Amino acid sequence: MANSFNKEERVAFEDILEGFQDALVLSKNVAVYNTDQTMMERTNNVIWRPQPYIATSYNGIDMSSNFDDFTQLSVPATIGFSKSVPWVMTATELRDSLQEGRLGDAAKQKLASDINVAIMNVAANQGTLFVKRTAAASGFDDVAQCEAIMNEQGVPMYDRFLALSTRDYNGMASDLSKASRSFGNDISDRALRKAFVGEMASFETYKFDYANRKAAAAGGAGLTVDTRVSAGNYYVPKATAVATTGETANVDNRFQTITISSTTSVVAGDAFTIAGINAVHHITKGDTGQLKTFRVISVPSATTLVISPPLITAQGGTDAEVQYQNCVATSTASNASIVFLNTVSNFINPFWQRDSLEILPGRYAVPSDAGAAVMRASTDQGIELVMQKQYDINTMKTKYRLDTLFGVVNKQPEMSGIM
């Protein structure tokens, strides 16, 4: 068979897959949803994934007037990342098999990095829980604030993860290396010798060497938003919407467009609170006493912002609002103050609960009888690597490429955030 892989290349590919799987730090800590690839092709690689229901309970025996409708919320998930590393080797270069292995290692490392970065970017840009720290992270208190904001809003208390920049991670390790310092103390010894933090305040922590940075908010002081019922800035969740042409389509309830006094210098990624708008526990609907944090997703005009999460204050009183209420208006005003939280430029440290983030493995249907040798294999998470090789007799060059196809979605931005 033309261009078939020899035994050494097969072993090399197996090594590439093993190293690729080991490097996928983040994909191991998010949920995985496998799709029917034929269906995905027919739907333009988009599938709607359901968000968790939130039920409403009542007191007493007679429920005659309490049989409410349930609204199922869903979000669009797209297999939209197509990553490839191509390279070429001449007939003379192929005499050095070590060189070929090094190129394969580099390709594997880059693709694994692409997947990790994609997950980190989604978590960093769409997570709505915001823990403000104006200096580098230094210890337990920093992570405890992340735990507090999750607990207060009813995020499940298991499978929580925190990805830290190297400087912030090492700052926490420094604190551990000094705390209760004694010979034989495994926690402080590992922190001292290996800069290792491990589990802290219910989070599994990880160190990143490529954490994103967020610039300080440049939005001017004095920005306001009308929080009165008459202003209509509250949000009513809905499963579907009917277009003017009569077609029914799903609705993405993660985002809302609000009107504010001015959007001058406000940019995507900024975080803010609104005076009088407190977060509630998503299950009990109890007021946490803490201001709800919001993220700017985009800035469509001089007076409108697309934000996440939406302001579901239940001011409209509908069943869907009561079920999915995420904040409460303790007071309303025509000019409620907007206060930005990202007041310094610093690294973004995302944290999340496993079920909030999801990776969708994709698959290429590469023909194996079209003149190129093809090998494929999948990681434990279902992420597929495809390796192809083709020889050009005219130039005596062999082309290689390593490919992967996947998608990432933040199903529930209120179960993820940044410090």
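See the structure above.
All values derive from a computational prediction rather than experimental measurement.

**With respect to a nonpolar patch on the surface**
A cluster of nonpolar residues, Y391, I393 and M396, forms a patch on the protein surface that exposes about 320 Å² of accessible area. Checked against the element boundaries, I393 lands in the loop between β25 (384-392) and β26 (397-410). Owing to a relative accessible area of 66%, I393 belongs among the exposed residues under this scheme.

**A closer look at the sheet that holds strand β13 (residues 256-259)**
Ordered by their spatial adjacency, six strands build an open sheet running β10-β20-β14-β17-β18-β13, and the pairing between neighbours is antiparallel. Looking at the sheet topology across the chains shown, the edges are occupied by β10 (224-225) and β13. Where strand β17 (residues 294-298) meets strand β18 (residues 304-308), three bridges bridge the pair, whose relative direction is antiparallel. Note on β18: the bridge partner recorded for R295 is S308.

**Comments concerning the pairing of strand β22 (residues 350-353)**
Walk down a regular strand and you will see the side chains alternate between the two sheet faces. Residues P350 and W352 of β22 are buried on one face, and the alternating residues F351 and Q353, pointing to the opposite face, are buried as well. For strand β6 (residues 160-165) and β22, the ladder comprises three bridges, and the chain directions are antiparallel. Looking at β22, one finds that L162 is bridged to F351. As paired elements, β22 and strand β27 (residues 416-418) share three bridges and run antiparallel to each other. What sits directly across from F351, in β27, is G417.

**Quick word on the sheet that holds strand β19 (residues 327-329)**
Here three strands make up an open sheet; going across it, the order is β16-β15-β19 and the pairing antiparallel. A strand with exactly one partner marks an edge of an open sheet, and here the two such strands are β16 (287-291) and β19. Adjacent strand axes in the sheet meet at a mean angle of 40°, parallel and antiparallel pairs treated alike.

**A look at the pattern of salt bridges**
Evaluated as defined, the whole model comprises 12 salt bridges. For the salt bridge of D270 with K214, the shortest nitrogen-to-oxygen distance reads 3.1 Å. You can see D270 sitting in the loop between β13 and β14 (271-274) and its partner K214 sitting in strand β9 (residues 213-214), a full 56 residues away along the chain. Relative accessible area serves as the criterion here: at 0%, D270 is assigned to the buried category. A single network of salt bridges, built from pairs that share partners, joins R49, E358 and K411.

**What to know about the side chain of S74**
Secondary-structure assignment places S74 in strand β3 (residues 74-78). Its relative accessible area of 11% is what places S74 among the buried residues. Setting aside its immediate chain neighbours within four residues, S74 contacts W48, R49, P50, Q51, N250, V251, D252 and N253.

**What about the packing of aromatic side chains?**
Taken as a whole and judged by the stated rule, the model has seven aromatic pairs. Ring geometry for W87 against Y400: centres 5.4 Å apart, planes inclined by 5°, an arrangement best described as stacked. Of the two residues, W87 is situated in strand β4 (residues 81-90) and Y400 in strand β26; the sequence distance between them amounts to 313 residues. Take W87 and Y400: they sit in the same class, and that class is buried. A network of ring pairs unites the aromatic residues F161, Y206 and W352 as a single cluster. R49 extends its terminal NZ or CZ atom over the ring of Y33, reaching a point 3.6 Å from the ring centre. Against the face of F347 rests R213, its NZ or CZ located 4.8 Å from the ring centre.

**Side note on the nonpolar core**
Formed by 30 residues in total, the largest nonpolar core has its most connected members in F20, W87, I115, I119, I359 and L402. Counting only elements with at least two residues in this core, the list comes to α1 (7-23), β4, α3 (97-126), β6, β23 (357-361), β25 and β26. Per element, the largest residue contribution to this core is nine residues, and it comes from α3. V155, L176, A201 and F351 belong to the second largest nonpolar core, which has 21 residues in total.

Scoring rules and cut-offs
Residues numbered from 1 in each chain as written. Predicted model: local features only at pLDDT ≥ 70, side-chain atom pairs only at ≥ 80, totals over all residues. Heavy atoms only, no water. Patch = residues over 30% accessible without salt bridge, like charges linked within 9 Å, V, L, I, M, F, W, Y side chains within 5 Å. Areas by Shrake-Rupley, 256 points an atom, 1.4 Å probe, with all protein chains shown as cover. Salt bridge = Lys/Arg side-chain N within 4 Å of Asp/Glu carboxyl O. Helix = DSSP H or I, 4+ residues; strand = E, 2+ residues; numbered from the N terminus. Buried < 20%, exposed > 50% of the residue type's maximum accessible area, 1.4 Å probe, protein only. Pairing = 2+ DSSP bridges. Axes fitted to C-alpha atoms, helices over the stretch in contact; angles between N-to-C directions. Contact = heavy atoms within 4.5 Å. Phe/Tyr/Trp six-rings, centres within 6.5 Å; stacked < 30°, edge-to-face > 60°. Lys NZ or Arg CZ within 6 Å of the ring centre and 35° of its normal. Core = buried A, V, L, I, M, F, W, Y, C linked by side-chain atoms within 4.5 Å.

By themselves, these figures tell us nothing about what the structure is for.
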